[in-house]
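Working through the structure, step by step
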Amino acid sequence: MNRKQMNAEAQKLVQKAVEKIDDNPNEVRSYYELSVLLTELKDYEQAKQLLLKASGLFSGKTELDLLNYGLGNVLYSAGDFQKAINYFRVVKGTKLNDNAILMIAQCEYALGDYKRSLAYALTTRNVGAKQLIASNFLALGDFQNARKYFDEVLANEPRNFDATFQRGIIALILDGKEQADSYFEIAQKIDYKSFIKMKGQIIDIQKTIIAKQKGESIGFAKYE
């Protein structure tokens, strides 16, 4: 499907979602679903305005939780992480609260506050938190705990490229090149283009290890 066809298909989906709201303006999920579609199309401003307008139409806690969660997701996707946190924080309903906490953790990670991100991620029961926990431990230089959590992720998702690549980084730091290469070989098979894009991290870490072996004081950088 070429770009023109994709745009036409996207417009049809948007029109269908708008018609769904027109047919039943009292169904909050229809507004949320349209905002998700607009966000996927990177039309963040329209998605935000839609949800803000919908917030004035509903007064129930469950409906407002969904709209605030949606606003947080729109702002997160737009890169406005601090404002996104403000919306995720007011989501209190049991159904969405765990997801909102995980998203706060994602925002804090994006803002570079790994300790705060880790604190939030450790409190959620969301299974998707394990990879974020591992990434935070890696960013904080706690390679043992990072290894533990990445291993748990890979036990359930053996073809997870990011977890496999990061596990290779940890092996390079803790165990040496031979063990690291086994992870990097798998990562290449999973997603060769992404591996080539991130290959510079391996070179940087190898340089850092050599420098530390020579007694130079160089800390490990954050690797994503």
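Structural data are supplied above this passage.
This report concerns the structure included in the present document. The model shown is predicted, which means the values in this text are computed figures rather than measured ones.

Glancing now at the overall build of the chain. Scanning the chain for helices and strands turns up twelve helices and zero strands. Listing the helices and strands of the chain from first to last along the sequence gives α-α-α-α-α-α-α-α-α-α-α-α. Considered along the principal axes of its C-alpha atoms, the chain spans approximately 70 × 40 × 30 Å. For the chain, buried positions account for 41% of its 224 residues. Partitioning the contacts of the chain with sequence separation of at least 6, the portion at a separation of at least 24 is 45%. Of the accessible surface of the chain, which amounts to about 13000 Å², a share of 50% is contributed by carbon and sulfur atoms. Placing the 31 positive and 28 negative side-chain charges of the chain at their respective mean positions leaves the two points 2 Å apart.

Let us look at helix H9 (residues 143-156). With 14 residues, H9 ought to run about 20 Å at 1.5 Å a step, and its terminal C-alpha atoms sit 20 Å apart, in line with that. Within H9 the residues assigned to the buried category are Phe 143, Ala 146, Tyr 149, Phe 150, Val 153 and Leu 154. The buried residues of H9 occupy one face: seen down the axis, they fall within an arc of 140 degrees. Opposite its buried face, H9 presents the exposed residues Ala 155 and Asn 156, each directed more than 90 degrees away. Buried positions along H9 lie against helix H7 (114-123), helix H8 (129-139), helix H10 (161-174) and helix H11 (177-190).

Moving on: helix H3 (residues 44-55). With twelve residues, H3 extends 16 Å between its outermost C-alpha atoms, agreeing within 8% with the 16 Å of an ideal straight helix rising 1.5 Å per residue. If you check which residues of H3 are buried, you get Ala 47, Leu 50, Leu 51 and Ala 54. Considered in projection along H3, the buried side chains sweep an arc of 90 degrees and stay on one side of the axis.

We now examine the packing of aromatic side chains. Across all of its chains, the model carries nine aromatic pairs by this definition. Between Tyr 31 and Phe 58 the ring centres are 5.7 Å apart and the planes differ by 80 degrees, which places this aromatic pair in the edge-to-face class. Here Phe 58 lies in the loop between H3 and helix H4 (61-77) and Tyr 31 lies in helix H2 (residues 28-40), a separation of 27 residues in the sequence. With relative accessibility at 6%, the residue Tyr 31 sits in the buried group.

We now examine the packing of H2 against H3. Closest axis-to-axis distance for the H2/H3 pair is 8 Å, and the angle between their directions is 165 degrees. Classified by the angle between their axes, H2 and H3 sit roughly antiparallel to one another. The two elements H2 and H3 cross, and the hand of that crossing is left-handed. Residues Tyr 31, Tyr 32, Leu 34, Ser 35, Leu 38 and Thr 39 of H2 touch H3, and the partners they reach there are Tyr 44, Gln 46, Ala 47, Leu 50, Leu 51 and Ala 54. Of the residues belonging to the contact of H2 with H3, the class tally is nine nonpolar, three polar and no charged.

Below, the discussion takes up the side chain of Ser 35. Inspection of the secondary structure puts Ser 35 in helix H2. With relative accessibility at 1%, the residue Ser 35 sits in the buried group. Excluding residues that lie within four positions of it along the chain, Ser 35 makes contacts with Ala 47, Leu 50 and Leu 51.

What counts, and where the lines are drawn
Residues numbered from 1 in each chain as written. Predicted model: local features only at pLDDT ≥ 70, side-chain atom pairs only at ≥ 80, totals over all residues. Heavy atoms only, no water. Helix = DSSP H or I, 4+ residues; strand = E, 2+ residues; numbered from the N terminus. Buried < 20%, exposed > 50% of the residue type's maximum accessible area, 1.4 Å probe, protein only. Contact = heavy atoms within 4.5 Å. Areas by Shrake-Rupley, 256 points an atom, 1.4 Å probe, with all protein chains shown as cover. Lys, Arg positive; Asp, Glu negative; His and termini not counted. Charge placed at Lys NZ, Arg CZ, Asp CG, Glu CD. Expected span 1.5 Å × (residues − 1). Arc of directions from axis to C-beta. Phe/Tyr/Trp six-rings, centres within 6.5 Å; stacked < 30°, edge-to-face > 60°. Axes fitted to C-alpha atoms, helices over the stretch in contact; angles between N-to-C directions. Parallel < 35°, antiparallel > 145°, perpendicular 65-115°, else oblique. Left-handed = near helix turned anticlockwise from the far one by under 90°. Nonpolar A, V, L, I, M, F, W, Y, C, P; charged D, E, K, R; others polar.

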